[in-house]
Amino acid sequence: MAQAERPLSPHLEIYKPQLTMVLSITHRFTGVGLAVGTLFLTWWLIAAAMGPEAYAFTQWIYGTWLGYLVLFGFSVSLFYHLCNGIRHLFWDVGLGYEMETVYRSGWSVVAATAVLTFAAWVIGLGVAG
Amino acid sequence: MSFKTPLGRVAGLGSAKEGTGHWWAQRLTAVALVPLSFLFVVFVFAFAGADHARAVELMGNPLVAVTLLLFIVAGFYHMKLGMQVVIEDYVHHEGAKTVLLVGLALGSFALGMAAVFAVLKLAFGS
């Protein structure tokens with residue numbers, strides 16, 4: 001039986017973006033991003049286990065501007081997914097579903113992500129030199 | 001006990017197996033990853049700019065090695081569970097979905113194993 005091409009109701013085209021839905025899809029997006037980042041972490045660990053030459057090569061690649069860009073994206077994803085993940089855990093035990101709380105916790109996650117990312121990079125660049 | 005009608009069971013449609021275990025494991029690994037992630041960030045500070053000898057020295061510390069091992073195990077499992085849901089949500093072709101889910105399960109296990117091995121090798125003196 002052939003599937004007829006039926007028109008769908010518009011959704012993404014017309015729905016006004018709200019904090020709830022934006023943070024939700026960002027949580028998924030950063031999750032996938034972290035999964036990709038884990039591949040880079042595994043590469044680094046294996047290179048280190050392979051010996052000084054493989055390790056030095058990997059450190060060099062990760063030290064390029066592109067490497068730093070990827071690391072920055074990874075750090076933002078990590079802190080966001082972590083903070084919003086904690087928000088999810090509160091929901092899992094039944095807390096924080098009031099509309100006002102949802103928005104307050106949501107903006108807190110955004111703020112915490114920015115603060116943690118900034119702090120980590122200031123400390124990281126200061127320590128590593 | 002399945003509450004499906006005989007026809008429903010034969011047609012094979014309906015809920016995609018059990019999900020409670022998946023849900024709980026996701027939360028359990030998430031809870032573990034809260035402190036482990038912060039510690040991981042601290043380790044990145046220490047390992048950044050370190051040469052190989054320094055990396056081996058750091059990894060030789062049992063606290064560093066064990067924390068990293070826990071981070072790897074919890075992280076890879078959490079990742080596998082999360083990516084599984086993403087694939088199930090967006091891939092509708094049954095054959096492609098099966099291939100991707102199997103690839104994800106085997107791949108994350110294999111890569112997790114490789115990462116664990118690397119940490120152990122470095123921790124024991126490389």
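Residues numbered from 1 in each chain as written. Chains lettered and ligands numbered in written order. Predicted model: local features only at pLDDT ≥ 70, side-chain atom pairs only at ≥ 80, totals over all residues. Heavy atoms only, no water.

## Description of the packing of helix α3 (residues 65–92) of chain A against helix α2 (residues 20–47) of chain B
Packing of α3 of chain A against α2 of chain B brings their axes to within 10 Å, and their N-to-C directions diverge by 135 degrees. It follows from the interaxial angle that α3 of chain A and α2 of chain B lie oblique. Between α3 of chain A and α2 of chain B lies a crossing whose hand is left-handed. Residues Phe-74, Leu-78, Phe-79, Leu-82, Ile-86, Leu-89 and Asp-92 of chain A of α3 of chain A pack against Trp-23, Arg-27, Ala-30, Val-31, Leu-33, Val-34, Ser-37, Phe-38, Phe-40 and Val-41 of chain B of α2 of chain B. Tallied by class, residues from the contact of α3 of chain A with α2 of chain B come to 14 nonpolar, one polar and two charged. (Axes fitted to C-alpha atoms, helices over the stretch in contact; angles between N-to-C directions. Helix = DSSP H or I, 4+ residues; strand = E, 2+ residues; numbered from the N terminus. Parallel < 35°, antiparallel > 145°, perpendicular 65-115°, else oblique. Left-handed = near helix turned anticlockwise from the far one by under 90°. Contact = heavy atoms within 4.5 Å. Nonpolar A, V, L, I, M, F, W, Y, C, P; charged D, E, K, R; others polar.)

## Here we look at the interface of chain B and chain A
Listed per partner, the contact involves 37 residues of chain B and 31 residues of chain A. Taken together, both faces of the contact between chain B and chain A bury some 2,600 Å²; the carbon and sulfur share is 78%. Area buried by chain B at its contact with chain A is led by Phe-38, Phe-45 and His-52 of chain B, which between them contribute 21% of it. At the junction of chain B with chain A, the criterion picks out two salt bridges. With its nearest N and O atoms 2.7 Å apart, the salt bridge here joins Arg-27 of chain B to Asp-92 of chain A. (Buried area = accessible area lost by both parts, 1.4 Å probe. Salt bridge = Lys/Arg side-chain N within 4 Å of Asp/Glu carboxyl O.)

## Here's the deal with the nonpolar core
Residues Leu-45 of chain A together with Phe-40, Phe-47, Met-59, Ile-72 and Val-119 of chain B are the most contacted members of the largest nonpolar core, which totals 42 residues. Mapped onto this core, the elements with two or more residues apiece are α1 (19–50) and α3 of chain A together with α2, α3 (52–59), α4 (62–90) and α5 (94–123) of chain B. Of all the elements, α4 of chain B adds the most residues to this core, at 11 residues. The residues contacting Phe-47 of chain B, other than those within four sequence positions of it, are Trp-44, Tyr-55 and Gln-59 of chain A together with Ala-55, Leu-58, Met-59 and Val-64 of chain B. Residues Leu-19, Leu-23, Tyr-80 and Cys-83 of chain A belong to the second largest nonpolar core, which totals five residues. (Core = buried A, V, L, I, M, F, W, Y, C linked by side-chain atoms within 4.5 Å. Buried < 20%, exposed > 50% of the residue type's maximum accessible area, 1.4 Å probe, protein only.)

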